[in-house]
Amino acid sequence: MATGESWRIRYLPPAISLIAGAALWQWVGSQTSAAFLSTFSATVARLVALTVSGEVVTALAESMTLFFTGLVIAILIAVPLGVMLARFRVLRVASETYIMMLYATPMAALIPFILSLMGFGFTPKVVVVVLFAMFPILYNTIEGARSVKPELIEVARSYRSSEWGLWRDVLIPYTLPFALTGIRQGIGRGLVGMIAAEFYLSASGIGRLITVSERDFDTAGVLASIIIISILGAALMAVGRRLENHFAAWRGLGR
Amino acid sequence: MSSGAATIRRAAVTDPTHRTESASQSRIRTVGAGKRYGDFQVFRDVDLEVGAREVVALVGPSGCGKTTLLRCIDGLLPISDGEILIEGARVTEPRAGVAMVFQHFGLFPWKTVFDNVAYGLRLAGAAKADIAEKVPHFINMVGLKGFEKVYPYQMSGGMQQRCGLARALAVEPKVLLMDEPFAAVDAQTREILQLELLSIWEMRPTTMLFVTHSIEEAVLMGDRVVVLKGRPSTVHEVIEVDLPHPRTRETLTLPRFAELREIVWNTLKDEARQAEFELEKGR
Ligand SMILES: Nc1ncnc2c1ncn2[C@@H]1O[C@H](COP(=O)(O)OP(=O)(O)OP(=O)(O)O)[C@@H](O)[C@H]1O
Ligand SMILES: [Mg+2]
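So, how was this worked out
Residues numbered from 1 in each chain as written. Chains lettered and ligands numbered in written order. Predicted model: local features only at pLDDT ≥ 70, side-chain atom pairs only at ≥ 80, totals over all residues. Heavy atoms only, no water. Salt bridge = Lys/Arg side-chain N within 4 Å of Asp/Glu carboxyl O. Helix = DSSP H or I, 4+ residues; strand = E, 2+ residues; numbered from the N terminus. Axes fitted to C-alpha atoms, helices over the stretch in contact; angles between N-to-C directions. Parallel < 35°, antiparallel > 145°, perpendicular 65-115°, else oblique. Left-handed = near helix turned anticlockwise from the far one by under 90°. Contact = heavy atoms within 4.5 Å. Nonpolar A, V, L, I, M, F, W, Y, C, P; charged D, E, K, R; others polar. Near = heavy atom within 4 Å. Polar contact = N/O pair within 3.5 Å; in protein donor to acceptor, adjacent residues only side chain to side chain. Areas by Shrake-Rupley, 256 points an atom, 1.4 Å probe, with all protein chains shown as cover. Domains from an automatic or database assignment. Buried area = accessible area lost by both parts, 1.4 Å probe. Buried < 20%, exposed > 50% of the residue type's maximum accessible area, 1.4 Å probe, protein only. Donors = N, O, S within 2.8 Å, 3.2 Å for Na, K, Ca; no water.

1. Overview of the pattern of salt bridges
Residue and element names in this part refer to chain B.
Now for step 1: Enumeration over the complete set of coordinates arrives at 26 salt bridges over all chains.
Now for step 2: Residue Arg-224 pairs with Glu-54 through a salt bridge whose shortest N-O separation is 2.7 Å. Linking Arg-224 in strand 10 (residues 224-229) with Glu-54 in the loop between strand 3 (40-51) and strand 4 (55-59), this pair joins segments that are 170 residues apart in sequence.
Now for step 3: Through salt bridges with shared partners, a single network forms among Arg-27, Glu-87, Arg-95 and Lys-174.

Structure (structure tokens):
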């Protein structure tokens, strides 16, 4: 009984709200010129057509290569750097202001600068994704690593742990859930960076799909591409959340 | 044991089980040890010797610096005055062969019981086969069999404490420092663990220095009871526990056990009264 109840609460309201949204979209779309807003059914039809023609797959492959290259680099830079900055006070104090400023800077403002510095090509686009994704990861990692219990560091010292052992057994496992919170935020920001890079630097992937559709006044194509990104973003965030829960299980908060 | 009277001696008593008085005989030796945090003097002039096969109980009121002293002996904290020697060598950092059981347990929340107990062995570079054999052995010993895959947050305080004890025992240290090792377990488990630890010690006598708030525990387990007292604190009294070995449950029923318990109680009483009085005044 209880499971039936929770099932209804979990799935029924979102399902109804999604159907209502689609219906509203369909109605508004049918009342407006197709140049401004296509209907829900037209968008879905376009989405199917784009998928069948293989354009979606090609675009997704391009975009995801860019996105994951950037995200992985961002993680590889931000996590070790974050732990290091938390562990060595001098470094942290010296760099704190820069990190706060960069964290607060809208990264889109840096794109023209990157363009003039590095031109078109894959690398500058990766740089954009890295810049977008890196700072939430760095910020959360520092916060996490700073809160490592001194008692646990004491235990590691008592058992004569090396510095590397201390990282492996204490600092990294402790910081991981915090870093993953940052990574989840970084995924969201990284997607923005990916689209921005595909718009403003050399066009590619989903970004190009949107630009091309727009140029052709293919409103349904634009909306279909946007839906792809939305679904992608939601899926990646869900994966991030899963990972976070998995690695935070020891905090006793997980299932 | 020849004389029934209480044998109370002032600080710096040499190991009674060894006749030689040379410094090299004592595993742990502190000479005029003092510790300050800024202007705050925790303890001063602590002279203490613990022999290679000796068990010493450290008692004293809360906040008198027992944990601090243990940390200094483990090499986790530098002392401010005097010196601390283990096997004649000055302690400047944690040493191999010295293990500590922490008052705060200090278990790694992301490691299972098995991995927590294996921690010290792995850091010491023990072979896989060695770990596979020793870890379950010590987990059984502290009564955590069946909990190998459990995480600390899934255990009670007493179970966590026993896990911390197993971790220290697993490295088979020459010097075992224990900070209130049984404070979080129930009375019955406590007695079982005390006797278990005593039998481990009988099989493989090592140096043990442990802090406790239980006078019974101090007398049952210790060859000597060292009383730390005062502000700043120092070794106030050293009470020889002339009870026969091996110590068992029967030890608890000896008249001499009751006598010694009274003696320790009396040395601590004044301070306890004073603490109570200060509490009253504070209200
Ligand atoms: N890092 C520190 N900085 C300043 N003072 C400290 C520090 N650590 C401990 N103290 C002080 O030193 C004194 C002794 O502390 P300690 O923890 O050694 O007491 P204890 O005898 O173990 O007490 P308990 O029986 O409650 O465990 C206390 O007054 C405490 O406030
Ligand atoms: Mg203490």
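Moving on from the model shown.
2. Observations regarding the packing of helix 2 (residues 113-123) of chain B against helix 3 (residues 128-141) of chain B
Residue and element names in this part refer to chain B.
Now for step 1: The interhelical angle for the contact between helix 2 and helix 3, taken along N-to-C directions, is 125 degrees, at an axis separation of 10 Å. Relative to helix 3, the element helix 2 lies oblique. Between helix 2 and helix 3 lies a crossing of right-handed hand. On helix 3, the residues touching Val-113, Phe-114, Val-117, Ala-118, Leu-121 and Arg-122 of helix 2 are Ile-131, Lys-134, Val-135, Pro-136 and Ile-139.
Now for step 2: In terms of residue class, the contact of helix 2 with helix 3 is made up of 9 nonpolar, no polar and 2 charged.

3. So, the site of ligand 1
Residue and element names in this part refer to chain B.
Now for step 1: Near ligand 1 you find 13 residues, and of these Ser-62, Gly-63, Lys-66, Thr-67 and Thr-68 are the closest.
Now for step 2: Here an oxygen atom of ligand 1 and a side-chain polar atom of Lys-66 are 2.8 Å apart.
Now for step 3: Protein chains bury 62% of the 640 Å² of accessible surface belonging to ligand 1 in isolation.
Now for step 4: Residue contributions to the shell around ligand 1 peak at 3 residues, all from helix 1 (residues 66-74).
Now for step 5: Considered class by class, the residues forming the shell around ligand 1 number 4 nonpolar, 7 polar and 2 charged.

4. What about the domain arrangement of chain B?
Residue and element names in this part refer to chain B.
Now for step 1: What the domain assignment lists for chain B is domain 1 (7-97 + 174-281) and domain 2 (104-172).
Now for step 2: Between domain 1 and domain 2, the contact holds 16 residues from the first and 12 residues from the second.
Now for step 3: Carbon and sulfur atoms make up 69% of the surface buried where domain 1 meets domain 2, a total of about 1,000 Å² over both sides.
Now for step 4: Together, Ala-184, Leu-193 and Ile-200 form the three largest contributors to the area buried by domain 1 at its contact with domain 2, with a combined 33%.

5. Considering unusual backbone geometry
All names here are of chain B.
Now for step 1: The amide bond that connects His-245 to the next residue, Pro-246, takes the cis arrangement and shows omega of -10 degrees.
Now for step 2: For Pro-246, the position within the fold is in the loop between strand 11 (234-240) and helix 7 (255-282).
Now for step 3: At Asp-45, a residue that is not glycine, the phi angle is positive and equals roughly 50 degrees.
Now for step 4: Within the fold, Asp-45 resides in strand 3.
Now for step 5: Using a relative accessible area of 44% as the deciding quantity, one classes Asp-45 as partly exposed.
Now for step 6: Phi is positive for Glu-180, close to 45 degrees, though the residue is something other than glycine.
Now for step 7: Summarising the element assignment, Glu-180 is placed in the loop between strand 8 (175-179) and helix 5 (187-203).
Now for step 8: Taking the relative accessible area as the measure of exposure, Glu-180 reaches 11% and is therefore buried.

6. What to know about the coordination of the magnesium ion (ligand 2)
Residue and element names in this part refer to chain B.
Now for step 1: The protein atoms donating to the magnesium ion (ligand 2) are Thr-67 (OG1) and Gln-103 (OE1), with metal-donor distances spanning 1.9 to 2.3 Å. With Thr-67 in helix 1 and Gln-103 in the loop between strand 7 (98-101) and helix 2, this pair connects stretches of sequence that are 36 residues apart.
Now for step 2: With relative accessibility at 39%, the residue Gln-103 sits in the partly exposed group.

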